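Given next are the chains, with one letter for each unit.
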Amino acid sequence: MTKWKAFLLLLLSVAVLGCEPEPYTVEAGFTNGSTTGRHIVSKMTITTLSGGKANFAMGSVGGYPGAHSGGGKIDAPAYIEGEWAKGNPEPSSGLISYHRISAPIPDNAEAKMKTMDNYYQNFDRDYGSMEVIVDGPRVRVFYSKSCVDMYDDCAPKQGADPNGWVVRSPKNQTDVVVLFDGKGESSPTPFPSADTATSEHLQKANSPE
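Residues numbered from 1 in each chain as written. Predicted model: local features only at pLDDT ≥ 70, side-chain atom pairs only at ≥ 80, totals over all residues. Heavy atoms only, no water.

- Going by the annotation in an unreviewed UniProt entry, the name recorded for the protein chain is DUF3304 domain-containing protein, with Salinivibrio kushneri given as the source organism.

Structure representation (structure tokens):
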């Protein structure tokens, strides 16, 4: 009987240890934009904690929040990898700098997303917005519920943000949490790349019309 009890305890331990909690996921649209003018984003991938990959590369972008795609369910970002270029402010005058990044995203991203999802007192929207913003070498990743004071009741719950993570968006129209804020490598010429599609994309964008 003692052996059977030990065996059952072993099976129970294996079952418990083998069960990982489900990742915290949100329904979100994907946005790729800039606060400093035209950029060409040829590659921008976010890898999440669960190992999923989300594509934020939307080609020619400018303005905030920028180009938008339908997105879908996504858990907390864990890593960002991208390649992009900054456009010349002069019309039809190509690209002036090239940038790339490969970097981990701080592990408090999930906690920040949960704070944003539970921030408002009366605003209850079941989807949000995951935003990748490029400004020259700088890259930021925001998560927002897109509550706009002009149209919605955006009063926060008391004590909803003890860490002070919730900040105003670049246009001061809504609240966001900053999941990542970093700088990539820079070059005056395109980076050597084995990705032919990326190279062709940037070369085409750099050709004056």
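Some remarks on the overall build of the protein chain
Thinking step 1. Looking only at helices and strands, the protein chain has 3 helices and 12 strands in total.
Thinking step 2. Burial status across the protein chain gives 40% buried among its 209 residues.
Thinking step 3. Counting contacts in the protein chain only where the partners sit at least 6 residues apart, residues at least 24 apart contribute 74% of the total.
Thinking step 4. With an accessible surface of roughly 11700 Å², the protein chain has 54% of that area assigned to carbon and sulfur atoms. (Helix = DSSP H or I, 4+ residues; strand = E, 2+ residues; numbered from the N terminus. Buried < 20%, exposed > 50% of the residue type's maximum accessible area, 1.4 Å probe, protein only. Contact = heavy atoms within 4.5 Å. Areas by Shrake-Rupley, 256 points an atom, 1.4 Å probe, with all protein chains shown as cover.)

Details of the nonpolar core
Thinking step 1. Membership of the largest hydrophobic core comes to 35 residues, with the highest contact counts inside it found for Ile80 and Met130.
Thinking step 2. Secondary structure elements with two or more residues in this core: strand E1 (25-33), strand E2 (39-48), strand E6 (77-87), strand E7 (95-104), helix H2 (109-117), strand E8 (128-135), strand E9 (138-144) and strand E11 (175-183).
Thinking step 3. Excluding residues within four positions of it along the chain, methionine 130 makes contact with Ala28, Gly29, Phe30, Thr31, Phe56, Ile74, Pro77, Met113, Val141, Phe142, Tyr143 and Leu179.
Thinking step 4. Grouped together as the second largest cluster of nonpolar side chains are 5 residues, Ile40, Ala85, Leu95 and Tyr98 included. (Core = buried A, V, L, I, M, F, W, Y, C linked by side-chain atoms within 4.5 Å.)

As for the pattern of salt bridges
Close approach of charged atoms allows side chains with opposite charge to pair.
Thinking step 1. Considering all chains together, one arrives at 8 salt bridges under this definition.
Thinking step 2. When the shortest N-O distance is used, the salt bridge between aspartate 135 and arginine 140 registers 3.0 Å.
Thinking step 3. Judged by its relative accessible area of 11%, aspartate 135 falls in the buried class.
Thinking step 4. Judged by relative accessible area, which is 12%, arginine 140 ranks as buried.
Thinking step 5. If you follow the salt bridges from partner to partner, you end up with Asp149, Arg168 and Asp175 in one network. (Salt bridge = Lys/Arg side-chain N within 4 Å of Asp/Glu carboxyl O.)

Brief notes about the layout of surface pockets
Any empty space left between atoms is shown by rolling a water-sized probe over those atoms.
Thinking step 1. There is about 210 Å³ of room inside the largest pocket.
Thinking step 2. Along the walls of the largest pocket sit 17 residues, with Thr31, Pro65, Ser129, Glu131 and Ser146 positioned nearest its centre.
Thinking step 3. Contributing elements (two or more residues each) for the lining of the largest pocket: E1 and E8.
Thinking step 4. A total of 3 residues in the lining of the largest pocket trace back to one element, the largest contributor, which is E8.
Thinking step 5. Its residues assigned to classes, the lining of the largest pocket comprises 4 nonpolar, 11 polar and 2 charged. (1 Å grid on protein atoms, 1.4 Å probe; cavity = no way out; pocket = protein on both sides within 12 Å on 5 of 7 lines; lining within 4 Å. Points joined across faces, edges and corners; volume = space filled by probe spheres on them. Nonpolar A, V, L, I, M, F, W, Y, C, P; charged D, E, K, R; others polar.)

Quick word on the environment of proline 156
Thinking step 1. Structurally, proline 156 can be placed in the loop between E9 and strand E10 (166-168).
Thinking step 2. Residue class for proline 156 comes out partly exposed when judged on its relative accessible area of 39%.
Thinking step 3. As for proline 156 and asparagine 122, which are separated by 34 residues in sequence, their C-alpha atoms are 8.1 Å apart.
Thinking step 4. Those residues in contact with proline 156, other than ones at most four positions away along the chain, are Tyr119, Tyr120 and Gln121.

Things to note about the packing of aromatic side chains
Thinking step 1. Counted according to the given criterion, the structure contains 4 aromatic pairs.
Thinking step 2. Pairing tyrosine 119 with tyrosine 120 gives two aromatic rings, centres 5.1 Å apart and planes at 80°, and the pair type is edge-to-face.
Thinking step 3. Using a relative accessible area of 13% as the deciding quantity, one classes tyrosine 119 as buried.
Thinking step 4. A relative accessible area of 5% means that tyrosine 120 is categorised as buried.
Thinking step 5. Geometrically, the ring pair formed by tyrosine 120 and phenylalanine 123 is edge-to-face, given 5.4 Å between the ring centres and 85° between the ring planes. Comparing tyrosine 120 with phenylalanine 123, the two get one shared label, buried.
Thinking step 6. An aromatic cluster is defined as three or more aromatic residues linked by ring pairs; in this entry it consists of Tyr119, Tyr120 and Phe123. (Phe/Tyr/Trp six-rings, centres within 6.5 Å; stacked < 30°, edge-to-face > 60°.)

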